[in-house]
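Architecture and fold: a report
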Amino acid sequence: MAYPVIDAPYGLKPINLIGGQVFAGSTRDYPITNGYSTNIFYGDYVGLSRGEIVRLSVTTGTAGNQTGIFLGCRYTNPITRQLTFSQFWPASTAAGDAVAIVADDPDQVFKGVVCSATTAVASGARAMIGQNLAMINNTGSTRTGNSKNAILAPSDTPATTSSLPVRVLGLVTDTAVSLGTATYTSISTATVTCSALPFALPVGTDVGSLDASGNYVSAGSFVDTAAAAGATSFILNQAPVATLNTTIVFIQYPEILVKINFGQHQYYAGTSIA
């Protein structure tokens, strides 16, 4: 079976719960203010303001104010007077009965796309698992109704800031891309010299090598700065924890698994929302 190419972010999509908990796809309904003037797209972060749902522009965190992820809405269409189910909330809709459908479980696991900036797809890596990452706030599509928010690919040292909005739980292997291999020449701290790359390396690309038996050995590092095809060197976020062997292996993971970070979700914060 061929899996789709991940060429753009789509916000966050709920897939299961942490710790092997039973996931029934449960959501909670919250009211939307009549005429609320901002589009809310499927996969966007939402929070509460005076008891009603608003879109959150989450980038580096909004401690204790995240209610969950928006999964559509329903309202009485002001023109047709018919009950309407919508993938997104159309800004300024005059509907007094508008309801947002929200994935609000603080233990929810989400799938999302890693980008280096705006909607430029990058990569996750094994070394990111357990780290806290920032988000990229993009405007969604009124054509599809879907969010375009992305997870920001980290660089340099591991991201441990507690105020960042998401914690990385794992990688999505189904849509991983094996970029290929290159021949290792030398390394100086985190700069690796190799044979000319026959492919470009996006930020976050997972780096490893093959042992004598052909088994993959993770370097515990990832590509810090994008490298163009033909480049003879690339920079890692930090020096590899394992010695790189002759054949270097590059894997791109466009999608990763995350959850809303502890203290960021309203259910995991002691201070209530005003």
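Right above here is the structure, for reference.
The sections below set out a description of the structure shown in this document. For clarity, every value in this text was computed on a predicted model and none was experimentally measured. (Residues numbered from 1 in each chain as written. Predicted model: local features only at pLDDT ≥ 70, side-chain atom pairs only at ≥ 80, totals over all residues. Heavy atoms only, no water.)

Although it is not a glycine, Arg81 adopts a positive phi angle of roughly 65 degrees. Note that Arg81 resides in the loop between strand S5 (66–76) and strand S6 (83–86). The class of Arg81 is exposed, set by a relative accessible area of 63%. (Helix = DSSP H or I, 4+ residues; strand = E, 2+ residues; numbered from the N terminus. Buried < 20%, exposed > 50% of the residue type's maximum accessible area, 1.4 Å probe, protein only.)

The next subject is the packing of aromatic side chains. Counted by the stated rule, this structure contains five aromatic pairs. Look at Phe199 and Phe250: their rings are 5.6 Å apart centre to centre, the planes differ by 65 degrees, and that puts the pair in the edge-to-face class. Highlighted residues: Phe199 in the loop between strand S15 (191–194) and strand S16 (206–210) and Phe250 in strand S19 (residues 247–252), separated in sequence by 51 residues. A single burial state applies to Phe199 and to Phe250, both of which are buried. Here a set of aromatic residues connected by ring pairs shows up, and it is made of Phe199, Phe234 and Phe250. The ring of Tyr10 carries the charged tip of Lys13 above its face, separated from the ring centre by 4.4 Å. (Phe/Tyr/Trp six-rings, centres within 6.5 Å; stacked < 30°, edge-to-face > 60°. Lys NZ or Arg CZ within 6 Å of the ring centre and 35° of its normal.)

Turning next to the nonpolar core. Note that soluble globular proteins tend to have their nonpolar side chains buried in a common cluster. Residues Ile32, Tyr45, Ile53 and Trp89 are the most contacted members of the largest nonpolar core, which totals 44 residues. Listing elements by their share of this core, those giving two or more residues are strand S3 (45–49), strand S4 (52–55), S5, strand S7 (99–103), strand S8 (108–117), strand S13 (166–171), S19 and strand S20 (255–260). The leading source of residues in this core is S5, at five residues. For Ile32, the contacting residues outside a window of four places in its chain are Glu52, Ile53, Phe70, Cys73, Trp89, Ala98, Val99 and Ala100. Formed by 18 residues, the second largest nonpolar core is a distinct cluster that contains Phe199, Leu201, Ala227 and Ala231. (Core = buried A, V, L, I, M, F, W, Y, C linked by side-chain atoms within 4.5 Å. Contact = heavy atoms within 4.5 Å.)

Counted under the stated rule, the structure contains three salt bridges. Notably, a salt bridge pairs Asp104 with Arg28, separated by 2.9 Å at the nearest N-O pair. Taken as a pair, Asp104 in the loop between S7 and S8 and Arg28 in strand S2 (residues 28–31) lie far apart in primary sequence, 76 residues in all. As a salt-bridge pair, Asp29 and Arg74 come within 2.8 Å of each other at their nearest N and O atoms. In this pair, Asp29 sits in strand S2 while Arg74 sits in strand S5, placing the two residues 45 residues apart along the sequence. A relative accessible area of 39% places Asp29 in the partly exposed class. (Salt bridge = Lys/Arg side-chain N within 4 Å of Asp/Glu carboxyl O.)

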